[in-house]
Amino acid sequence: MIPQLSKFKELIIQAGEKHQISPTLISAIVMQESAGEPWSYRYESAIKYEVSISLYSKKLRISMDTERNFQHCSWGLMHIMGFKARELGFEEHLPQLLLPSYGLDWGCRALSGFSKKYNRLQDVIVSYNSGSPQLLPNGLYRNQSYLDGVVAWMKMV
């Protein structure tokens, strides 16, 4: 086991069992997304999609700008996008996704959804990163480097 993952091994196994996802795939995505750093987050400036900004800002007593910015961030071990967590029903403060149990659970919920939608593992992996598989005319995915990274991590974890 990769040292960065050892402290999350049980949580990864539990999330995998709960969502019927291979712990190897979960671990590989964790390493690709956050290198095993639970406090990792990133603002994604290209993201335009949002979910009920006004509703969550009122419910959580935060500004609309804060909620909007948080939805445009990827959070925690699996770097689940804030808007995706909202789309899946996460109603708490989005920084809670930095907690390993939350981030793994909600990241696996997203991954499980893609697994149900797409039959090919490659399509599932690239969709986790970009929302849907987008093949280029040369037969490679638009985010091929992401897929290649996850596959390489799968061989190491």
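A quick note: this is a predicted structure, and the numbers were derived from the prediction, not measured.

Participant: How should helix 7 (residues 100-117) be read in this particular structure?
Facilitator: One turn of the α-helix equals 3.6 residues, which is why residues spaced by three or four share an orientation. For helix 7, with 18 residues, the first-to-last C-alpha span of 26 Å sits near the 26 Å given by 1.5 Å per residue. Those residues of helix 7 that sit buried are P100, G103, L104, D105, W106, G107, C108, A110, L111, S112 and F114. Of the surrounding elements, those touching the buried residues of helix 7 are helix 2 (9-19), helix 3 (23-34), strand 3 (80-81), helix 6 (82-87) and helix 8 (121-130).

Participant: Please explain the packing of aromatic side chains as it appears in this structure.
Facilitator: Any pair of aromatic rings gets described here by the distance separating the centres and the angle formed by the planes. Enumeration over the complete set of coordinates arrives at five aromatic pairs. Here Y41 and W75 contribute two aromatic rings whose centre-to-centre distance is 5.6 Å and whose plane-to-plane angle is 20°, an arrangement assigned as stacked. Of this pair, Y41 sits in strand 1 (residues 41-43) while W75 sits in strand 2 (residues 73-75), and the two are 34 residues apart along the sequence. Relative accessible area serves as the criterion here: at 3%, W75 is assigned to the buried category. Considering the side-chain rings of F70 and W75, the 5.4 Å spacing of their centres and the 90° angle between planes classify their relative orientation as edge-to-face. The exposure class assigned to F70 is partly exposed, which follows from its relative accessible area of 26%. Clustering of aromatic rings is evident, with ring pairs tying together Y41, F70 and W75. Over the aromatic face of Y56 sits the side chain of R86, whose NZ or CZ is 4.1 Å from the ring centroid. Stacked on the ring of W106, the Lys or Arg R109 has its end atom at 3.8 Å from the ring centre.

Participant: Explain helix 2 to me, please; I cannot follow it from the model alone.
Facilitator: Among all positions of helix 2, only I12, A15, G16 and H19 are buried. In an axial view of helix 2, the angular spread of the buried residues amounts to 100°, which keeps them on one side of the axis. With respect to the buried face of helix 2, the exposed residues turned more than 90 degrees away are E10, E17 and K18. The secondary structure elements touched by the buried residues of helix 2 are helix 1 (3-6), helix 3 and helix 7.

Participant: Would you explain unusual backbone geometry in this entry?
Facilitator: As a rule of thumb, non-glycine residues mostly have phi less than zero, and peptide bonds are mostly trans rather than cis. A positive phi angle, near 55°, is found at A35, a position not held by glycine. Among the structural elements, A35 can be located in the loop between helix 3 and strand 1. Overall, A35 belongs to the partly exposed group, its relative accessible area being 41%. The phi angle at H79 is positive, at roughly 50°, despite the residue not being glycine. Among the secondary structure elements, H79 is positioned in the loop between strand 2 and strand 3.

Cut-off values and rules
Note on numbering: residues in each chain are counted from 1, in written sequence order. Given that this is a predicted model, residues contribute local features only at a pLDDT of at least 70 and side-chain atom pairs are listed and counted only at 80 or more, while totals for whole chains, interfaces and linings are drawn from all residues. To obtain the side-chain values, all non-hydrogen atoms of the structure were used and water was disregarded. Helix and strand definitions follow DSSP, with helices as H or I runs of at least four residues and strands as E runs of at least two, each counted in order from the N terminus. Take the number of residues in a helix, subtract one, and multiply by 1.5 Å to get its expected span. Three exposure classes are used, based on accessible area relative to the maximum for each residue type with a 1.4 Å probe and protein chains only: buried under 20%, partly exposed in between, and exposed over 50%. Residues count as neighbours in contact if any of their non-hydrogen atoms are within 4.5 Å of one another. Each Phe, Tyr or Trp ring (for Trp, its six-membered ring) is paired with any other whose centre lies within 6.5 Å, and the angle between the two planes then decides the class: stacked below 30 degrees, edge-to-face above 60, tilted in between. In this analysis the charged atom, NZ for Lys or CZ for Arg, is taken to sit over a ring once it is within 6 Å of the ring centre and within 35 degrees of the ring normal. Think of it as the arc spanned by the lines of direction from the helix axis to the C-beta atoms.

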